[in-house]
Amino acid sequence: MATSALICETDAWKDLRAHVEDIKKTHLRELMSDAKRCQSMMIEFDGLLLDYSRQCATVDTFTKLNKLAEAAHLKEKINLMFNGERINSTENRSVLHVALRAPRGSVINSDGKNVVPDVWQVLDKIKEFSERVRSGAWVGATGKALTNVVAIGIGGSFLGPLFVHTALQTDPEAAQLASGRKLHFLANVDPIDVARNLTGLNPETTLVVVVSKTFTTAETMLNARTVREWISAALGPQAVAKHMVSVSTNLTLVEKFGIDPNNAFAFWDWVGGRYSVCSAVGVLPLSLQYGFAVVEKYSSSKELQVLINISIQHLSRKTYLYVLLGLLSVWNVSFLGYPARAILPYSQALEKLAPHIQQVSMESNGKGVSIDGVPLPYETGEIDFGEPGTNGQHSFYQLIHQGRVIPCDFIGVVKSQQPVYLKGELVSNHDELMSNFFAQPDALAYGKTPEQLLKENVPSNLITHKTFSGNRPSLSLLLPSLNAYNIGQLLAIYEHRVAVEGFVWGINSFDQWGVELGKSLATQVRKQLHASRKKGEQIEGFNFSTATLLTRYLEDVVL
Ligand code: F6P
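For clarity, every value in this text was computed on a predicted model and none was experimentally measured. (Residues numbered from 1 in each chain as written. Predicted model: local features only at pLDDT ≥ 70, side-chain atom pairs only at ≥ 80, totals over all residues.)

From N to C terminus, the protein chain includes 24 helices and 13 strands. For 559 residues, the compact-globule formula gives about 24 Å, and the C-alpha radius of gyration of the protein chain, at 25 Å, lands near that figure. In terms of principal-axis extent, the alpha carbons of the protein chain reach across some 75 × 70 × 60 Å. For the protein chain, the proportion of its 559 residues judged to be buried stands at 43%. Contacts in the protein chain between residues far apart in sequence, at least 24 positions, make up 74% of those at least 6 positions apart. (Helix = DSSP H or I, 4+ residues; strand = E, 2+ residues; numbered from the N terminus. Rg over C-alpha atoms; globule rule 2.2 N^0.38 Å. Buried ≥ 20, exposed ≤ 12 C-beta atoms within 10 Å, placed from the backbone. Contact = placed C-beta atoms within 7 Å.)

It is worth spelling out helix α17 (residues 353-365) at this point. A rise of 1.5 Å per residue sets the reference length of α17, with its 13 residues, at 18 Å; its end C-alpha atoms lie 18 Å apart and thus fit the reference within 8%. All of the buried residues in α17 are L353, A354, H356, I357, V360, S361, E363, S364 and N365. Each element contacted by the buried residues of α17 is listed here: α7 (159-168), β10 (340-345), β11 (383-385) and α22 (484-505). (Expected span 1.5 Å × (residues − 1).)

What follows deals with the site of the ligand. In the neighbourhood of the ligand, 14 residues make up the surrounding shell, with G155, G156, S212, T217 and G273 lying closest. A class-by-class count of the residues in the shell around the ligand yields two nonpolar, nine polar and three charged. (Near = placed C-beta within 6 Å. Nonpolar A, V, L, I, M, F, W, Y, C, P; charged D, E, K, R; others polar.)

Turning our attention to the packing of helix α6 (residues 116-135) against helix α13 (residues 280-290). In contact at an axis separation of 9 Å, α6 and α13 are set at 25° when each is read in the N-to-C sense. In terms of their interaxial angle, α6 and α13 are classed as roughly parallel. Relative to α13, α6 is oriented so that their crossing is right-handed. Between α6, through V122, L123, I126, K127, S130, V133 and R134, and α13, the contact on the second element is made entirely by A280, V283, L284, S287 and L288. (Axes fitted to C-alpha atoms, helices over the stretch in contact; angles between N-to-C directions. Parallel < 35°, antiparallel > 145°, perpendicular 65-115°, else oblique. Left-handed = near helix turned anticlockwise from the far one by under 90°.)

Mapped onto the fold, A354 is located in helix α17. Separated by 191 residues in the primary sequence, A354 and F163 place their C-alpha atoms 8.8 Å from one another. Leave out the neighbours within four places in its chain, and A354 touches I343, D384, F385, G386 and E387.

For the rest of this paragraph, the subject is helix α19 (residues 429-446). Under the 1.5 Å per step criterion, the end-to-end length of α19 is 26 Å for 18 residues, consistent within 8% with the ideal 26 Å. At A439, α19 shows its maximal kink, close to 25°; a proline, P441, follows between one and four residues later. Considered for burial, the residues of α19 that qualify are H430, M434, F437, Q440, P441, L444 and A445. One or two positions beyond α19, positive phi appears at G447, with a value near 65°. (Bend = angle between axes of the 7 residues up to and from the residue.)

Quick look at the sheet that holds β10 now. Taken in spatial order, the six strands line up as β1-β2-β13-β12-β10-β11 in an open sheet, and their pairing is mixed. The open sheet terminates on both sides in strands that have one partner only, identified here as β1 (42-45) and β11. Sheet twist, expressed as the average angle between the axes of neighbouring strands with direction ignored, equals 15°. Summarising the sheet, strand β2 (residues 48-51) and strand β13 (residues 474-479) pair through three bridges and their orientation is antiparallel. Following the sheet pairing, L49 is matched in β13 by L478. Strand contacts of α17: β10 and β11, with the helix running at about 165° to β11, the strand carrying the most contacts. Along the sheet, α19 contacts β12 (408-413) and β13; its crossing angle with β12, the most-contacted strand, is approximately 155°. (Pairing = 2+ DSSP bridges.)

Omega for the peptide link from G389 to T390 comes to 5°, which places this bond in the cis form. Mapping T390 onto the fold places it in the loop between β11 and α18 (397-402). Unusually for a residue other than glycine, N92 sits at a positive phi of about 50°. Looking at the element boundaries, N92 is found in the loop between α5 (74-82) and β3 (109-110). On the basis of neighbour count, N92 is assigned to the exposed category, with 8 C-beta atoms found within 10 Å. With phi around 60°, N457 is a residue other than glycine that occupies positive phi space. In this structure, N457 sits in the loop between α20 (450-455) and α21 (463-466).

This is the structure:
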């Protein structure tokens, strides 16, 4: 197998390694005092303002990072992706989720075939179907309108749609369009999740969407069978055709399950699960809830054209956004040695952003070998986590301020989805929230010195406790508002940032072999549980620890 050199062997990587020492000598306080530098580290793009001046980086750092991008052949890799080459080599697939956002009429080929007409054929089918359900033209088996939708799916067939739904719920325009309707997500195979979703639901008014790329995922299929039984028991088996539809790439298994293939919404193996929110995976359930017109907006951002036109050698400040963010992540992880990233949206509507990005980022870039299968001498991927501000401030920010250094993404919104509630306060609720959004990055960057504390007459025994070292990097992203379009921008930013990181690290960001071992061991346990419960067979073939735990479990739980 021909292997390409690892990125860490290039001069560009070595140059950045050496550069770390210079950066470590300079505190962010100093860097922030250079207004010219700060000005050069702000980008306005498509209504967004990105300020990355609080990164531990100089203008020189970015020159070196650009060289790293060149050494990693980033531009060529982006082009290969857009040209439909099978860059997901371990699964022999192209990676074309970008085509899901392509305007009607554009051309993006996979294996010499333009996939954009297929994308739009499914979108048109979703538009038509969702309008029929929403208008009451499509009714349930007893003639009642279907006002509740339960989307069954897990991982990429759940987290992105849940994020968008949670973000749209409080947008007045979207909320009005969803009036009288409810969207539920059943993901976990835990019977508690089934109970939470089905309790109080009337099967007569419920439409179920089974979302699974493979249509083999154990949790989703068991939940789908459970809900199919719930419908059959209440309305008879013939009702399934009216009450269950699906989204999948495996239409054969969909039909075998008992869902009319006419009510199946396709997508393709060139869409990775975690990148599928703009396919029928997200568009169908969200169109049923909010109408196709609103949903179409989150999947149409200008990023497509931007990426197509990208040129690493001649990056304009605007086209640089996604690449820049990806390069900064590589800088923080691989050079400064900060393995985690906190995603901190100052908007409750974005509460499911971090869980979604956890999958997009960690399932994509948590790899141990290069795309050629060579074990890597450097770590890849970030540990992503987060909570909306200000909730997170009262939870884990202590560690971020005085414990470990964790680069933070602060995301703020200029115009809240919701109006001011209380008049006569010092500031509005939204201003109060945003005061924290503006304050936290400076607290992290500047910190507080013992000298400052002494001036404030802080008792000497508390000086070290109250000292903040500062020099903790963050970036601030300010969105004009939070509507379907801006939500789509956020999705695109994180998706492409993750891809850029993976391209630079030289890994395959589009496979996920790491989830397989646990699945196959669960199959072994499942067989044992069946054999023990149904035939009283002894536990066999497990190590002492697992056998002991299984014995205890089988003793106490009677099904
Ligand atoms: O967790 C592994 C995974 O394969 C994800 O990549 C995927 O999003 C999820 O399971 C669900 O898969 P499917 O859509 O095939 O049910």
